[in-house]
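Residue-level structural notes
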Amino acid sequence: MVQYNFSDVEARWQETWQDQKAFEVKTDKTKPKYYVLEMFPYPSGRIHMGHVRNYTLGDVVARYKRARGFNVLHPMGWDAFGLPAENAAIENNVPPAKWTRENIASMRAQLSKLGLSLDWSREIATCEPDYYRHEQKMFLDFLEAGLAYRKESLVNWDPVENTVLANEQVIDGKGWRSGEPVEKRRLSQWFLKITEYADELLAGIETLERWPDKVRTMQRNWINRSEGARVFFELKGREDRLEVFTTRPDTLYGASFCAVSANHPLAEELSKDNPALQAFIAECNRLGTSEEAIEKAEKLGFDTGLKVKHPFDPAWELPVYVANFVLMEYGTGAIFACPAHDQRDLDFARKYNLPVTPVVCPKGEESIEIGSEAFVGEGTIINSDFLNGLGVDDAKTAAIAKLQEQGDGEGTITYRLRDWGVSRQRYWGCPIPIIRCGTCGDVPVPAKDLPVQLPEDVNFDKPGNPLDHHPTWKHVDCPKCGKAAERETDTFDTFFESSWYFARFCDAGNEEIAFNKEDVDYWLPVDQYVGGIEHAVLHLLYSRFFTRALQKCGYLSCDEPFDGLFTQGMVCHETYKDTQGKWLFPNQVQKIGKDAVKIGSDEPVKVGQSIKMSKSKKNVVDPEDIVATYGADTARFFMLSDSPPDRDLEWTESGVEGAWRFINRLWRMVTASDGTVATKGAEQPSSLSPEADAILRATHKTIDGISGDLEKFHFNRAVARIREFTNQVGELKGMGEDCAWVRRFAFETLTQLIAPMMPHLAEELWLELGYDGGLSSQPWPQADSSLIVDELVTLGVQVNGKMRAKIEMPMDSDEADVRETALSQENVQRALDGKEPRKVIVVPNRIVNVVA
Ligand code: ANZ
Ligand code: ZN
């Protein structure tokens, strides 16, 4: 029996594609373009199965779209700045640049073995000056456009990593890498004005129809627009007023106290001659600046002794506290509290024995009692003088009108989104192109002096930033006055590089400018972006902001960088432990049915749940081993087979073997049927036997089905169709001329249909079928619509036993298709009333039962 020699075949085709520059593209306005991009990898040193899944998904799209006649851009690069390189430098004494470049080289070699249809001529590495020089220029342009500024601000300081952390990098009050409690510090930082685009970024989400709803919701919540009011409370015995932000001016009559953040100027002022307050503020500062940390901490306060007057009743005085749950960076850093209708305020009021006056009565109730739970729902205003009897919304409007009339406040809009702090006290990043001069202040590095190169001769002997201790690097003359000055030694947050790399790919070789406008305007937006859900907020939001900022500075024309987004699931594997409870790698374990033993012994192994592959649990399979044993096509095909791409996938040895067997079967079927296959280009016989006709129809149906699947990212269904069709063709027994003809037609079509998934096998089969031109330049097969009409059946759709709709579907439709169509019926939707159905039972060709 002939075995398919994958290693020869794959190496040969990879070389051919490379020699022919098969996937290199140019801007060509006569052709429709399609830009497929996977989130570029961090060069950690080795690719893992998550990468394989990510790039396989993208490659299927790229190859499919190419066959469909698109001018496809599918590039690859390296997100090469960041902490791990510095950590490696500290631990193993290798310079970060060397470590990074070596990792890139080995990962590039690994990646190239996967047979991805990438345009390697556009490869970029963000740590190289020919990349980051352009972002230094961008920063200077942003500065000029008023989109960048420097200010003193409170930061999360990781005492172990010696750096500032973004709020998102603080988890439960601890550094995301170090796991150590984060402190607050005041530092001068560079910021990008993302908040200036808050409304646009919010509105833009509505246009992103090809993004997962989940991601759109996460972005909306992140920006979080709040309509409310600023209220000015007169401070007794002082000239100034306390300005608070509230979303609930309707509850002003339920006010119980005011509170300011520990970092509020008022708190700082009062603490000057108050050691107890100083101690309290210090305690608050240990909490970090993240909302999460603050939410979880016990509510604590310090009574300042100051009083404010209520704006609606000057005789009414409220105490002013410093409270640990008030954030300085949100609203005005000060609040008025209404304990009856806000849980944090209530917890605080109960703790410090402050009044709790309900002012909103739930609809349909006579009165309201507040125990330990605040009432945050809708209702009618009570206990509130001129607001009594109004609903919450009307009362908000009336309260704001009155405040405005009195000069005690105004309506306002606030966002949770804050400006993006981009300074990092780190070496391995892009230098911020600013020179600090004692006379002139912050002076931008003149464009002709860019790039500000990161020195590579650094050492990590001392804690902190090596750029700071470098003997010469930071000492320069001021470009304005010529006096001795110092470079900014902070570098950019690495999200800076990933916020525009997709644009650089459009014109990656440009040495003069970041990219030519004509090229980006042709290629952008990215038509299909593929990556992990972990980037749902930051990377995607920053990129959306950057695109707008770059537009403002004349770099490009689009608003949104990513037209379509697909978030893939994770690759999981069973976990194994030996008798001592130590984790084992899958390749140390032999499975026997459901049980397992350690290879080379009969020591039993405990088989645990299948969870995301991770080094710490050792449940990892090295893609390089899989490619060496079975070939890239097997790995790719299995990756696509088992689960929908947005769900988690369980990696199993048996699954991989199944894919490998299938490849061999296909190979034998096509190559070993001499004499039963018509010659290339043979004409279709004038009549076909029923047997041959059935295969002809099945072929067209398969083309149609797979095309639809690939358009919709239903890759696992496409795989199922390929397997099913292969079975059908395998069962064709006829030896006549018509069967020989249809057999060839089926083989050729099958070869083309598998090409996006198993490109090497497909190319080789195409060669076997007598074609010497490469398959990767062939157009996608066309389904003849007259041959795919199915017999239609009518199915009833019941919701909780009640007939709600009738649907017409092709006979023997996929269960998932039937389900989708049934649930999309208007009457069914109405009966479900916005809820997810608990169960959907499809009785094929007859009925769909929905249980609500
Ligand atoms: C009085 C009030 C009464 C409030 C009530 C709520 C309920 P969102 O919706 O997230 O925007 N707040 C304002 N600034 C704050 C700060 N710097 N730190 C902590 N909390 C702050 O939240 C707005 C509400 O959060 C505001 O409305 C304010 O409390 C509080 F029954 O004002 B509210
Ligand atoms: Zn100067």
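What this report covers is the structure whose coordinates are included nearby. Because the structure is a prediction, the values reported are computed rather than measured.

Definitions and cut-offs
- Residues numbered from 1 in each chain as written.
- Chains lettered and ligands numbered in written order.
- Predicted model: local features only at pLDDT ≥ 70, side-chain atom pairs only at ≥ 80, totals over all residues.
- Heavy atoms only, no water.
- Helix = DSSP H or I, 4+ residues; strand = E, 2+ residues; numbered from the N terminus.
- Buried < 20%, exposed > 50% of the residue type's maximum accessible area, 1.4 Å probe, protein only.
- Contact = heavy atoms within 4.5 Å.
- Areas by Shrake-Rupley, 256 points an atom, 1.4 Å probe, with all protein chains shown as cover.
- Near = heavy atom within 4 Å.
- Polar contact = N/O pair within 3.5 Å; in protein donor to acceptor, adjacent residues only side chain to side chain.
- Donors = N, O, S within 2.8 Å, 3.2 Å for Na, K, Ca; no water.
- Tetrahedral: all angles 85-135°; square planar, octahedral: opposite > 155°, others 65-115°.
- Axes fitted to C-alpha atoms, helices over the stretch in contact; angles between N-to-C directions.
- Parallel < 35°, antiparallel > 145°, perpendicular 65-115°, else oblique.
- Left-handed = near helix turned anticlockwise from the far one by under 90°.
- Nonpolar A, V, L, I, M, F, W, Y, C, P; charged D, E, K, R; others polar.
- 1 Å grid on protein atoms, 1.4 Å probe; cavity = no way out; pocket = protein on both sides within 12 Å on 5 of 7 lines; lining within 4 Å.
- Points joined across faces, edges and corners; volume = space filled by probe spheres on them.
- Pairing = 2+ DSSP bridges.
- Phe/Tyr/Trp six-rings, centres within 6.5 Å; stacked < 30°, edge-to-face > 60°.

What about the overall build of the protein?
- Within the protein, the regular secondary structure consists of 26 helices and 37 strands.
- The dimensions of the protein, computed from C-alpha atoms along their principal axes, are 105 × 75 × 65 Å.
- Counting across all 852 residues of the protein, residues that qualify as buried make up 53%.
- Intrachain contacts of the protein at a sequence separation of at least 6 include 71% that bridge at least 24 residues.
- Accessible surface for the protein amounts to roughly 38200 Å². Of this, 47% is attributable to carbon and sulfur atoms.

Describing the site of ligand 1
- Taken together, 18 residues lie near ligand 1, and S226, T246, T247, L327 and Y330 sit nearest.
- Contact distances for ligand 1 include 3.0 Å between an oxygen atom and a backbone N or O atom of T247.
- Separating a nitrogen atom of ligand 1 from a backbone N or O atom of L327 is a distance of 2.6 Å.
- For ligand 1, whose free accessible area comes to 640 Å², the fraction covered by protein is 87%.
- Elements with a minimum of two residues in the shell around ligand 1: strand 11 (241-246) and strand 15 (334-337).

What to know about the coordination of the zinc ion (ligand 2)
- The protein atoms donating to the zinc ion (ligand 2) are C437 (SG), C440 (SG), C478 (SG) and C481 (SG), with metal-donor distances spanning 2.2 to 2.3 Å.
- With 4 donor atoms in place around the zinc ion (ligand 2) and angles of 106 to 113° between them, the coordination shape is tetrahedral.

Quick look at the packing of helix 22 (residues 715-730) against helix 23 (residues 737-754)
- In the contact formed by helix 22 and helix 23, the axes pass within 11 Å of each other and the chain directions differ by 165°. Between helix 22 and helix 23, the angle falls in the class roughly antiparallel. Considering the relative orientation of helix 22 and helix 23, their crossing is left-handed. Here helix 22 contributes I722, F725, T726 and V729 to the contact with helix 23, which in turn contributes A746, F747, L750, L753 and I754.
- Split by residue class, the contact of helix 22 with helix 23 holds 8 nonpolar, 1 polar and no charged.

Notes on empty space enclosed by the protein
- Tallied over the full model, the rule gives 4 cavities of 30 Å³ or more.
- When its volume is computed, the largest cavity comes out at roughly 170 Å³.
- Within the residue set of the lining of the largest cavity, elements represented by two or more residues are helix 2 (49-67) and helix 24 (759-768).
- Here the lining of the largest cavity is composed, by residue class, of 9 nonpolar, 3 polar and 3 charged.

Side note on the sheet that holds strand 34 (residues 792-799)
- The mixed open sheet is built from 4 strands, whose spatial order is 35-34-37-36. With one partner strand each, in any of the chains shown, strand 35 (802-810) and strand 36 (839-843) form the two edges of the open sheet. Between one strand axis and the next, the sheet turns through 20° on average, direction left out of account.
- Sheet analysis places strand 34 next to strand 35, joined by 8 bridges and oriented antiparallel. Looking across to strand 35, one finds that T794 is bridged to E808.
- The strands touched by helix 25 (residues 815-824) are strand 34, strand 35, strand 36 and strand 37 (847-851); relative to strand 35, the strand with the most contacts, the crossing angle is about 135°.

Let's talk about the layout of surface pockets
- Here the second largest pocket is characterised by a volume of approximately 970 Å³.
- Forming the boundary of the second largest pocket are 30 residues, of which F566, D646, K712, F713 and H714 lie nearest the centre.
- Of all elements in the fold, only helix 2, helix 7 (213-223), strand 27 (565-568), helix 21 (690-711), helix 22 and helix 25 reach the threshold of two or more residues within the lining of the second largest pocket.
- In terms of residue class, the lining of the second largest pocket is built from 12 nonpolar, 6 polar and 12 charged.

Description of the side chain of E488
- Tracing the sequence through the fold places E488 in the loop between strand 24 (484-487) and strand 25 (491-492).
- Side-chain polar atoms of E488 contact the side chain of W190, separated by 2.7 Å.
- In this structure the side chain of E488 is engaged in a polar contact, spanning 3.3 Å, whose partner is the backbone nitrogen of D490.
- Not counting residues up to four positions away in its chain, the partners in contact with E488 are W190, I432, I434, R436 and W473.

Describing the packing of aromatic side chains
- Using the criterion set out here, one finds 49 aromatic pairs in the structure.
- Ring geometry for Y321 and Y352: centres 5.9 Å apart, planes at 45°, overall tilted. Residue Y321 is found in strand 14 (residues 313-323), and its partner Y352 is found in helix 11 (residues 343-352); the two are separated by 31 residues along the sequence.
- Ring geometry for Y427 versus F460: centroids 5.8 Å apart, planes at 80°, classification edge-to-face.

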